[in-house]
Amino acid sequence: RPTATLLLGSVVLAACGQKTPQTTLNPASESTRAIYNLSELLFWLGVVVFLIVQTWLIVSIIKYRQKDSSQVPTQIHGNTKVEIAWTIVPAIIAIVIFVFTFDTIRKIEFMPDEAAGNTLNVKVIGHQWWWEFQYPDIKDANGKPLVTANELWIPSGSYIDVKMTSVDVIHDFWIPGLAGKRDVMPNRESGLWFKADDVADGAPGVFWGQCAEYCGGQHAYMKMRVVVASPADFQKWSTEQSQVAVNTTLPESFTKNCIGCHVVRGTNAAGITGPDLTHFGGRMTIAAGTVDNTREHLYAWLDDPDAVKRGNIMTTAIKADTLTEAEINELVDYLESLNPGTSVKGQQ
Ligand code: CUA
């Protein structure tokens with residue numbers, strides 16, 4: 001694999017290979033491994049064809065170049081053997097590619113039978129420009145599906161059955177190391193499945209995901225994080241997440257400015273336009289992966305959301321100078337307190 005990466009001759013690709021969690025070159029699920037293996041086959045087929053054609057070309061140029069300008073070279077009109085060869089050989093290559101591609105599509109399209117009884121259902125809802133995740137099988141304190149935003153936790157070793165839809169325009173769900181891409185469409189349900197590899201040494205693995213269909217001004221900042229946890233860690237996380245907020249005393253500035261759009265379970269904040277903030281303090285990022293979830297970034301976001309993520313929907317309510325410094329600090333304190341404990345904040 002390092003040789004293949006080097007041959008690609010691209011510093012960028014080489015850097016992506018091992019260092020960042022958003023890469024197709026380091027697959028960590030059965031389906032992305034199948035795609036990677038197919039692309040590796042295509043790459044090496046391409047290398048072989050390229051080398052043969054270029055060698056042939058260079059040899060021909062040197063061997064058959066015009067050496068004596070007074071003579072007209074021998075004129076050739078057609079060669080049945082060569083023509084049959086250059087028809088049949090590409091046809092065989094195309095058939096080989098077809099067979100392997102068909103097999104890969106079959107592998108990643110249908111969830112295997114052994115998934116029965118070991119499946120976690122996840123519902124993905126695309127918004128401009130953030131991701132909502134629902135767990136239909138895991139109920140919160142009110143008997144409703146557990147909901148989170150921009151950070152999807154899954155247990156390693158389980159089959160994840162993803163159903164997706166959008167509330168506005170077409171988005172596309174893509175976690176390069178684990179799954180995708182698949183369009184996320186309004187008024188329609190699409191889906192895919194994946195199974196993440198076991199996590200090494202039991203520590204949660206973090207993968208980056210990205211909306212892969214242009215969906216408006218902040219398409220590039222419609223990111224997500226996927227945390228692959230051991231089954232025990234996932235159990236702990238989901239139990240915590242299905243509780244009401246750890247701090248249900250809403251500050252006045254929250255009641256005044258936030259409850260129309262955001263949910264904090266266990267309080268009267270029940271707006272559904274924006275992300276569920278119940279356990280916001282434990283999340284890795286704010287504004288769908290735009291910046292890390294730190295006090296400084298959160299302050300900047302509440303001070304002027306448009307400056308952090310241009311055109312986001314929160315800017316219809318909160319503009320620069322809408323909130324006073326004291327209100328922003330109160331909100332930062334409150335939001336950062338909403339951390340139930342199990343978190344990979346600060347990683348990646
Ligand atoms: Cu959502 Cu691009």
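As a reminder, the structure under discussion sits directly above these lines.
Let me begin by describing the structure that accompanies this report. (Residues numbered from 1 in each chain as written. Predicted model: local features only at pLDDT ≥ 70, side-chain atom pairs only at ≥ 80, totals over all residues. Heavy atoms only, no water.)

**Points about the layout of surface pockets**
Step number 1: One number sums up the size of the second largest pocket: a volume of about 230 Å³.
Step number 2: Around the second largest pocket, the lining residues are V48, V49, I52, V53, W56, V82, A85, W86, V89 and I93.
Step number 3: Looking at the lining of the second largest pocket, the elements with two or more residues in it are α3 (30–63) and α4 (80–109).
Step number 4: Residue composition of the lining of the second largest pocket, by class: ten nonpolar, no polar and no charged. (1 Å grid on protein atoms, 1.4 Å probe; cavity = no way out; pocket = protein on both sides within 12 Å on 5 of 7 lines; lining within 4 Å. Points joined across faces, edges and corners; volume = space filled by probe spheres on them. Helix = DSSP H or I, 4+ residues; strand = E, 2+ residues; numbered from the N terminus. Nonpolar A, V, L, I, M, F, W, Y, C, P; charged D, E, K, R; others polar.)

**Description of the pairing of strand β2 (residues 130–139)**
Consecutive side chains along a regular strand alternate between the two faces of the sheet.
Step number 1: The element β2 is largely enclosed, with a buried count of seven among its ten residues.
Step number 2: Where strand β1 (residues 119–127) and β2 come together, five bridges link them in antiparallel fashion. Counterpart to V124 in the pairing with β2 is F133.
Step number 3: Where β1 folds back onto β2 in an antiparallel hairpin, the turn is made up of two residues.
Step number 4: Taken together, the five bridges between β2 and strand β3 (residues 145–149) define a ladder with antiparallel strand orientation. Considered in β3, the bridge of E132 is made with A149. (Buried < 20%, exposed > 50% of the residue type's maximum accessible area, 1.4 Å probe, protein only. Pairing = 2+ DSSP bridges.)

**Notes on empty space enclosed by the protein**
Over the atoms rolls a probe the size of a water molecule, and in doing so it shows where empty space is left.
Step number 1: In the structure shown here, the tally under the stated rule is one cavity of 30 Å³ or more.
Step number 2: The calculated volume of the largest cavity comes to roughly 60 Å³.
Step number 3: Forming the walls of the largest cavity are T148, E151, W153, W237, Q241, H279, G282, R283, T342 and S343.
Step number 4: For the lining of the largest cavity, the secondary structure elements donating two or more residues are β4 (151–155) and α5 (231–241).
Step number 5: Split by domain, the residues of the lining of the largest cavity number at least three in each of domain 2 (117–230) and domain 3 (252–337). (Domains from an automatic or database assignment.)

**What to know about helix α7 (residues 295–303)**
Step number 1: Along α7, the residues that are buried comprise L298, W301 and L302. Each buried residue of α7 lies within a common arc of 90° when the element is viewed along its axis, so the set occupies one face. (Arc of directions from axis to C-beta.)

**As for unusual backbone geometry**
Step number 1: Here the amide bond leading from Q128 into W129 is cis, since omega sits at -5°, within 30 degrees of zero.
Step number 2: If you trace the backbone, W129 turns up in the loop between β1 and β2.
Step number 3: Looking along the chain, the bond that leaves G180 and enters K181 is cis, with omega of 0°.
Step number 4: Look at N150: it is not a glycine, yet its phi comes out positive at around 65°.
Step number 5: Here N150 lies in the loop between β3 and β4.
Step number 6: Residue N150 is classed as buried on the basis of its relative accessible area of 9%.
Step number 7: For N187, which is not glycine, the phi dihedral falls at a positive 60°.

**Remarks on the packing of α3 against α4**
Step number 1: Viewed as axis vectors pointing N to C, α3 and α4 meet at an angle of 170°, and their least axial separation amounts to 9 Å. Here α4 runs roughly antiparallel to α3, going by the angle between their axes. Across the interface between the two elements, S31, A34, I35, L38, L41, L42, L45 and V49 of α3 pack against I93, I97, F100, T101, T104, K107 and I108 of α4.
Step number 2: Among the residues forming the contact of α3 with α4, the class breakdown is eleven nonpolar, three polar and one charged. (Axes fitted to C-alpha atoms, helices over the stretch in contact; angles between N-to-C directions. Parallel < 35°, antiparallel > 145°, perpendicular 65-115°, else oblique. Contact = heavy atoms within 4.5 Å.)

**A short note on the packing of aromatic side chains**
Step number 1: Going through the model one piece at a time under the given rule, you end up with nine aromatic pairs.
Step number 2: Where W153 meets W237, the ring centres are 5.2 Å apart and the plane angle is 5°; that geometry is what we call stacked. In this pair, W153 sits in strand β4 while W237 sits in helix α5, placing the two residues 84 residues apart along the sequence.
Step number 3: Residue W153 is classed as buried on the basis of its relative accessible area, which comes to 2%.
Step number 4: Taking relative accessible area as the criterion, W237 reaches 2% and is therefore assigned buried.
Step number 5: Members of the aromatic cluster, connected to one another through ring pairs, are Y135, W153, F234 and W237. (Phe/Tyr/Trp six-rings, centres within 6.5 Å; stacked < 30°, edge-to-face > 60°.)

**A closer look at the sheet that holds strand β5 (residues 159–166)**
Step number 1: The sheet built from five strands is open, its strands ordered β3-β2-β1-β5-β8 with mixed pairing. Strand pairing shows two members of the sheet lacking a second neighbour, β3 and β8 (190–194), which therefore form its edges. Between one strand and the next, the sheet's axes are offset by a mean angle of 25°, whatever the strand orientation.
Step number 2: Of the pairings in the sheet, the one linking β1 to β5 comprises eight bridges and is parallel in character. Paired with N121 across the two strands is D161, which belongs to β5.
Step number 3: Its contacts with the sheet place α5 against β1, β2 and β3, and it is angled at close to 95° to β3.

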